[in-house]
Amino acid sequence: MGYREIEGIVLGRRESFDTDQEIYLLTRREGSMQVRAPHAQASQKTYCGRLEPPNLLQTRLYRSRRNSRWTLSQLEIVTPFASLMEHPECRRHLWPLLSLHRDIFPEGEASGPGYRRLIEGLKIMQNSSVGPLLIVDRILVQTARQAGVEPDFSRCFFCDSQRSRLWRLRPGRGLLCERCFDGASASDIQFGDAVRAAYESFSSLAWEEVKNIRFNRKTLVNLESLMYRFFHYHLDISLDAYRVSKSLA
Ligand SMILES: [Zn+2]
């Protein structure tokens, strides 16, 4: 038997067998944790919408044995972010962002600054007129740096050239300069100085300054798409490495 108290952001949930739900919480010290919420499918009264993503919760957990899963016994809302999901524009950008956090901060590994960054971003989304896309792009750029998967705009992956006005991302090959394009491929995405400038701004500016910068929507959409491709490329590689290490073990 064990108890503990932990604060976390609800990243998502899924129905589990019988009437329970599995809740994915992002925590500061232990990455994304999977917690069982007993009777959550039927008992709207007990939880009263409090388990909706991306609420920030203070929870009390218990488990009966050392290796069994932690189960929710009490919870209170620290910050109710779930109302953000009522806005279609916020919801569209937040779902992939929350699921990405589940992938890059595995259970048992501290999420470090990533935890605080997500909370700060959600607060700004809730309390200011800054568009969700700008906030999500900033979170993606900074998280990529923390995870060590940031795109390197300083040189071409193929020829090492350091100067290019136009770049192309080809999955599995990294960023290519304009001279190294060898025929378009449907999976390429191409972008120029505007995306690169946006990327560089987001990687160094504080939240307070981000509120004042202006990029056009197309630039922000392209940056978002570039960052997600980078994450998924690296996540696929680490997943492959994991499978290989499993097969050798
Ligand atoms: Zn090149």
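Note that the structure is a prediction, hence the values are computed from the model and not measured.

Q: Looking at this structure, I do not really get the nonpolar core. What am I missing?
A: Soluble, globular proteins show a tendency: their nonpolar side chains are buried together. Core analysis: the largest hydrophobic core is formed by 53 residues, its most contacted members being I23 and L25. Tallying contributions element by element places helix α4 (residues 132–147) first for this core, with seven residues. Each of two domains, domain 1 (2–82) and domain 2 (128–248), supplies a minimum of three residues to this core. Setting aside chain neighbours within four positions, we find L25 in contact with G8, I9, V10, L11, S32, M33 and V35.

Q: Sorry if this is basic, but what is going on with unusual backbone geometry here?
A: For residues that are not glycine, phi is negative in most cases, and the peptide bond is trans in most cases. Cis geometry is found at the peptide bond from P53 to P54, where omega equals -10°. Looking at the element boundaries, P54 is found in the loop between α1 (44–47) and β4 (56–63). Of note in the backbone geometry, H39 takes a positive phi value of approximately 60° without being a glycine. Of note, H39 is situated in the loop between β3 (31–37) and α1. Given 13 C-beta atoms within a 10 Å radius, H39 is considered partly exposed. The phi torsion at D160 lies on the positive side, around 75°, for a residue other than glycine. The residue D160 is located in the loop between α4 and β6 (167–170) in this model.

The rules behind each value
Residues numbered from 1 in each chain as written. Predicted model: local features only at pLDDT ≥ 70, side-chain atom pairs only at ≥ 80, totals over all residues. Core = buried A, V, L, I, M, F, W, Y, C linked by C-beta atoms within 7 Å. Buried ≥ 20, exposed ≤ 12 C-beta atoms within 10 Å, placed from the backbone. Helix = DSSP H or I, 4+ residues; strand = E, 2+ residues; numbered from the N terminus. Domains from an automatic or database assignment. Contact = placed C-beta atoms within 7 Å.

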